[in-house]
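Understanding the architecture of this molecule
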Amino acid sequence: AQSVTQPDIHITVSEGASLELRCNYSYGATPYLFWYVQSPGQGLQLLLKYFSGDTLVQGIKGFEAEFKRSQSSFNLRKPSVHWSDAAEYFCAVGASGNTDKLIFGTGTRLQVFP
Amino acid sequence: DAGITQSPRHKVTETGTPVTLRCHQTENHRYMYWYRQDPGHGLRLIHYSYGVKDTDKGEVSDGYSVSRSKTEDFLLTLESATSSQTSVYFCAIRDPSGRNIQYFGAGTRLSVL
């Protein structure tokens, strides 16, 4: 069965520091991979997506993610974090079959200190 | 932002009462989804629809039913609400590109007392 693991429940960084949020997935074929961000009291906003091709994908708000098939990972990165990046981040994988479901990780809450 | 409106945005109800949440889209997309979000669980799929009157269950469908009589509206009903259904509910629509890109509404916070 497909699954997504986000090992870090909560991460704290200083403003201006670099960031890496981890995501590992279990999937039988080449997955569709997504990162979403959720600000407090808001819905989920799509940050970036990977379908195929170049394994380094760029997203909105200066985020990027790298697909590593050998490690079953799709980690999210940002070189310099801003206070406004404080939010919860979800990794998701596209499931197989005709149902087109997404399987979500449990999320990583990012706190940014000035 | 994707044209998705969820209503109501907040609701408090009592155990045993019926509750209906509405998701309305202006994108004319075929696929619509209902998720619930709970701490430590991320988002879990309740039900989804792949067309008018075509629906299927997700991983946490017990206690919930859905209906889709028009492309633009997808209703989630709790026939007899329980405290375990206190949650934040999100509706999503799927991009028609076929790559399962989903866009989310702002959510409904439901409290069952």
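In case you missed it, the structure is sitting above this.
Here's a quick rundown of the structure. Treat the numbers as computed from the prediction; the structure is a model and nothing was measured. (Residues numbered from 1 in each chain as written. Chains lettered and ligands numbered in written order. Predicted model: local features only at pLDDT ≥ 70, side-chain atom pairs only at ≥ 80, totals over all residues. Heavy atoms only, no water.)

1. Quick word on unusual backbone geometry
Heads up, the condition is: Counting from the N terminus, the helices are DSSP H or I runs at least four residues long and the strands are E runs at least two residues long.
The linkage connecting Ser 7 of chain B with the following residue, Pro 8 of chain B, adopts the cis geometry, with an omega of -10°. Within the secondary structure, Pro 8 of chain B sits in the loop between strand E1 (4–7) and strand E2 (10–13). One non-glycine residue, Ser 72 of chain A, lies in positive phi territory at about 50°. Within the secondary structure, Ser 72 of chain A is located in the loop between strand E8 (64–68) and strand E9 (73–78).

2. With respect to the interface of chain B and chain A
Rules: In what follows, a contact means two residues having at least one pair of non-hydrogen atoms within 4.5 Å. Accessible-area loss on putting two parts together, using a 1.4 Å probe and summing over both, is the definition of buried area adopted here. Salt bridge, as used here, is a side-chain nitrogen of Lys or Arg placed within 4 Å of a carboxyl oxygen of Asp or Glu. Definition of a polar contact: a pair of N or O atoms within 3.5 Å, with one able to donate and the other able to accept a hydrogen when the atoms are protein atoms, and with sequence-neighbouring residues admitted only if both atoms are side-chain atoms. Note on residue classes: Ala, Val, Leu, Ile, Met, Phe, Trp, Tyr, Cys and Pro are nonpolar, Asp, Glu, Lys and Arg are charged, and everything else, Gly too, is polar.
Taken together, the 23 residues of chain B in the interface contact 21 residues of chain A. Taken together, both faces of the contact between chain B and chain A bury some 1,700 Å²; the carbon and sulfur share is 56%. The interface formed by chain B and chain A includes zero salt bridges. One can count three residue pairs in polar contact (both at pLDDT 80 or more) joining chain B with chain A. Contributions of two or more residues to the side of chain B that touches chain A are made by strand E4 (32–38), strand E5 (42–51), strand E9 (87–94) and strand E10 (102–104) of chain B. Among the elements that line the side of chain B that touches chain A, the one with the most residues is E5 of chain B, at four residues. By residue class, the composition of the side of chain B that touches chain A is 11 nonpolar, eight polar and four charged.

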